[in-house]
Amino acid sequence: MASFGLSHGCYRQDRMGLLGFKAKIRVDTSGRLATWVGQDCCKWQGITCSVATGRVIELKLPGFVSNEEFFGQTRMEGLLSSSIALVTSLQVIDLGELLGLSGFIPPEIGYRLAYLQKFFLHRNNISGPVPESIGNLLALEELNLNDNRLSGSLPSSLERLASLNTLNLFSNMLSGPIPSSLANVKNLQIMDLHDNSLTGNIPEKVGLMEKLEELDLSNNRLSGQLPKSLGRLASIKVMYLDSNHLEGEITFPSRSNQMPFLGFLRLQNNRLSGRIPSTLGNLVSLQRIYLSNNKLRGPIPSSFGNLTSATEIFLDGNQLSGWIPKSIAHLSRLMFFNVANNQIQGPLPSELSSLKNLQTIDLSFNRLNLSRVPEWFTQTPSLCRIYLAGCGIHGAVPDIFRWMKSPILELDLSMNHLTGTIPPWLGSLSQLYSLNLSRNSLSSEIPATITDLRDLGTLDLHSNKLTGPINQVFKIGSRFSEGSLTYVDLSENKFSGGTEGIGQGVQNKVQFLKLSHNLLSGRLPTSIGRMESMKELDLSFNELEFILPETLASMSKLETLKLQHNRFTGNIPNGFLKLKKLRYLDLSDNLLVGRIPEGKPLSDFPESSYSGNAGLCGRPLFPCKI
């Protein structure tokens, strides 16, 4: 028998390659490599051998194992015994945190495991480069090294992997260009390199990959123009090129019969310019198209009406002009339509009322000059998320929304010309989750009916002329077992009275509370400390007074605290030192006195955080007098 021949159920060459890999792993919190002992490597954890040849064909050591898989492994003796001993209930073990490898991929992998077909090391902490020797694994079909810390460039030797059909290297720190030689891997069906730092152009040869079905190069630093050859990807179903620095025009498809299976196209967050080509309307299988946040101009092609499979169209954040084509009404499956932040003109085609599956429409910040909301909105049976910010709507809050066929979940009428009251009928929108009426000229009190909105999570009324008390807000959902409110912005109004309602009721989930630039007075209630989910609290520019309640220190998640320009007196509570997550603090222009509590995080803030309090001293201000 040759020195590299079969011995005790495992080829010596394979065993030596695996032991070379094991030697480069510094940490194995899973304990799986502890099973790699003895002569028969086919019995080692994560290794599969061919029944016919006895050669190692699979190395599979992902960094996450489900509870079922974890506890079903009979050969993982002693695995995480020390961790399990600390847990009284098996259900609370987070295996995603516990299982994983740290180390490098040694070159031996490519020199010894000649018959390897599947190589899975995803979701670990593997660092260093992908070795050039990986190109020697001529039988390799799947390579999954995603979600690690791999760095360096893509090895050019990948072109030799003629059998490779899946290449997953996403979510690493890979850099440099994409080798044009990758186009020589003719059997590749999935190439996913997203979330790296790859640079340079997308190779023009990419169009030669006739079997490629999924191409994901998103969230890199790729530049240059889109290759014209992309239209030749006859098998492509998913193409994600978003969040790069790509520029120039969209050059595909060039003919009606190209890319017949393309269902998902993402080109958003680039620098693409020119017009949207009418040939995109030839992609009859297209379900989702994202062109947001580019520099595209000109009209929306009427050929979009041919995209009868489309469920999502996102064109927001461009320079599109003209009118919304009536042909969009042919898209019976369309659920999401977003053209916000463009230069689209009105009127809106009433034919859109035939979109029976349309759930979300965003027309914000265009040149629509609606004056009023079109009546056909009430005829659209599934419409429940409506965004009409900056659309020139005048007068009272339109009562058309009372008569919608579908319950409204989200309503944005901000930055219009609304006047008068917040209508009590808003309380009848029983499933409303988000309400934004900010930046208008509304001048009423908040109606009591708002407390009926049991599902309300976001309330934004800032920059109006609203008056009266704010207590109604903190009664939202109070008649029900648990409130949903997480974001409240009532700033820049004329609200007056006290703040006794803060922290009362069931609104302990509020994370962002902005009440600045109002006429609020009196003391802060100690109940404010019950809002333990708070991340940002802004009470600045009011007339609040008395001492700061010690219970503010109970907001352990607080990151931003703005209390400037009030009349707070007394000392800064020592408990503020418990606010370890605090990143921004402003207590300036109050009547605070005494020594600033010593220690982090208070000592890390600049003088401006405490200025305008004549009685304060201590770091970062001048030393206190003994």
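See the structure shown above.
## Brief notes about the sheet that holds strand S29 (residues 394-395)
Here is step 1: Spatial ordering of the open sheet is given by S29-S31-S33, a layout of three strands whose pairing is parallel. Looking at strand neighbours, the two that pair on one side only are S29 and strand S33 (441-442), the edges of this open sheet.
Here is step 2: Relative to strand S31 (residues 417-420), S29 runs parallel, the two being bridged by two bridges. Opposite Gly395, over in S31, you have Leu418 as the bridge partner.

## Some points on the state of the cysteines
Here is step 1: For the structure shown, the criterion picks out three disulfides.
Here is step 2: Disulfide partner of Cys10: Cys41, at an S-S distance of 1.9 Å. The S-S bond linking Cys10 to Cys41 shows a torsion near 85 degrees; that makes this disulfide right-handed. Note that Cys10 is positioned in strand S2 (residues 10-11) and Cys41 in the loop between strand S3 (25-28) and strand S4 (47-49), a separation of 31 residues in sequence.
Here is step 3: Take Cys41: its relative accessible area is 1%, and that puts it in the buried class.
Here is step 4: Disulfide pairing places Cys617 opposite Cys624 at an S-S distance of 1.9 Å.

## Considering helix H1 (residues 12-23)
Here is step 1: The terminal C-alpha atoms of H1 lie 16 Å apart, and with 12 residues this matches the ideal 16 Å at 1.5 Å per residue to within 8%.
Here is step 2: Buried within H1 are the following residues: Asp14, Arg15, Gly17, Leu18, Gly20 and Phe21.

## A look at the packing of aromatic side chains
Here is step 1: Summed over the entire model, instances satisfying the criterion amount to five aromatic pairs.
Here is step 2: Considering the side-chain rings of Trp36 and Trp44, the 5.3 Å spacing of their centres and the 20 degrees angle between planes classify their relative orientation as stacked. A single burial state applies to Trp36 and to Trp44, both of which are buried.
Here is step 3: Summarising the aromatic geometry, the rings of Tyr487 and Phe512 are spaced 5.9 Å apart at their centres and angled 45 degrees between planes, so their arrangement reads as tilted. Here Tyr487, found in strand S36 (residues 487-489), pairs with Phe512, found in strand S38 (residues 512-514); they are 25 residues apart in sequence, far enough to count as distant.
Here is step 4: On the basis of relative accessible area, Phe512 is assigned to the partly exposed category, the value being 26%.

## Observations regarding the environment of Thr451
Here is step 1: Among the secondary structure elements, Thr451 is positioned in the loop between S33 and strand S34 (458-460).
Here is step 2: Accessibility expressed as a relative area gives 13% for Thr451, which makes it buried.
Here is step 3: Between the alpha carbons of Thr451 and Gly427 there is a distance of 7.2 Å; along the sequence they are 24 residues apart.
Here is step 4: Polar contacts involving the side chain of Thr451 include one to the main-chain carbonyl oxygen of Ala448, which spans 2.9 Å.

## Examining the environment of Gly594
Here is step 1: Following the sequence through the fold, Gly594 ends up in strand S45 (residues 591-595).
Here is step 2: A sequence separation of 24 residues divides Gly594 from Gly618, and the C-alpha atoms of the two residues are 8.4 Å apart.

## Quick look at a positive patch on the surface
Here is step 1: A contiguous patch of positive charge on the surface is contributed by Lys535, Lys557, Lys581 and Arg583.
Here is step 2: Summarising the element assignment, Lys581 is placed in the loop between strand S43 (567-570) and strand S44 (584-586).

## Concerning the sheet that holds S43
Here is step 1: Spatially, seven strands are ordered S35-S37-S39-S41-S43-S45-S46 in an open sheet, and the strand pairing comes out parallel. One side of each edge strand has no neighbouring strand; the edge strands of this open sheet are strand S35 (467-468) and strand S46 (615-617).
Here is step 2: In this structure, S35 lies alongside strand S37 (residues 494-497), joined through two bridges in parallel fashion. When the sheet's bridge partners are listed, Thr467 is paired in S37 with Lys494.

## Concerning the pairing of strand S41 (residues 543-547)
Here is step 1: Here two bridges tie strand S39 (residues 519-522) to S41, and the two strands are oriented parallel to one another. The partner of Ser521 across the bridge, within S41, is Glu543.
Here is step 2: For S41 and S43, the ladder comprises three bridges, and the chain directions are parallel. Looking at the pairing, Ile547 lines up with Thr569 of S43.

## Regarding the nonpolar core
Here is step 1: Phe119, Met239, Phe377, Leu388 and Phe401 are the most contacted members of the largest nonpolar core, which totals 164 residues.
Here is step 2: At the level of secondary structure, the elements contributing two or more residues to this core comprise H1, S4 and strand S5 (56-60).
Here is step 3: The residues touching Phe119, leaving out its near neighbours within four places in the chain, are Leu59, Ile105, Ile109, Ile134, Leu140, Glu142, Leu143, Asn144 and Leu145.

## Brief notes about the pattern of salt bridges
Here is step 1: Summed over all chains, the structure comprises eight salt bridges.
Here is step 2: Between Arg55 and Asp14 there is a salt bridge whose closest N-O contact spans 3.0 Å. Of this pair, Arg55 sits in the loop between S4 and S5 while Asp14 sits in helix H1, and the two are 41 residues apart along the sequence. Considered together, Arg55 and Asp14 belong to a single accessibility category, that of buried residues.

Calculation notes
Every chain begins its residue count from 1, and numbering advances along the sequence as written. For a predicted model such as this one, the threshold for reporting local features is a pLDDT of at least 70, and the threshold for listing and counting side-chain atom pairs is 80 or more; totals across whole chains, interfaces and linings nevertheless cover every residue. Hydrogens and water are ignored here; the side-chain numbers use all heavy atoms of the structure. A pair of strands is considered paired only if DSSP assigns at least 2 bridges between the two. Per the convention used, a helix needs a DSSP run of H or I reaching at least four residues, while a strand needs a run of E reaching at least two, with both numbered from the N terminus. Whenever a pair of cysteine sulfur atoms sits within 2.5 Å, that pair is classed as a disulfide. Think of it in three bands: with a 1.4 Å probe and only protein chains considered, a residue is buried below 20% of the maximum accessible area for its type, exposed above 50%, and partly exposed in between. Working rule for helices: expected span equals 1.5 Å times residues minus one. Two rings from Phe, Tyr or Trp (for Trp, the six-membered ring) form a pair when their centres sit within 6.5 Å of each other. Planes less than 30 degrees apart are called stacked, planes more than 60 degrees apart edge-to-face, and all others tilted. Between N or O atoms, a polar contact is any pair within 3.5 Å; within protein, one atom must be a potential hydrogen donor and the other a potential acceptor, and residues adjacent in sequence are included only when both atoms are from side chains. What makes a patch is a set of residues exposed beyond 30% relative accessible area and free of salt bridges, joined within 9 Å when like-charged and within 5 Å when nonpolar (Val, Leu, Ile, Met, Phe, Trp, Tyr). The protein chains shown are the only cover counted for residues, whose accessible areas, like all others here, come from Shrake-Rupley with a 1.4 Å probe. In what follows, salt bridge is the name for a side-chain nitrogen of Lys or Arg lying within 4 Å of a carboxyl oxygen of Asp or Glu. Counted as positive: Lys and Arg. Counted as negative: Asp and Glu. His and the chain ends are not counted at all. Taken as the charge location is NZ of Lys, CZ of Arg, CG of Asp or CD of Glu. What is meant by a nonpolar core is a set of buried Ala, Val, Leu, Ile, Met, Phe, Trp, Tyr and Cys residues, joined one to another through side-chain atoms within 4.5 Å. Here a residue-residue contact requires only that any non-hydrogen atoms of the pair lie within 4.5 Å.

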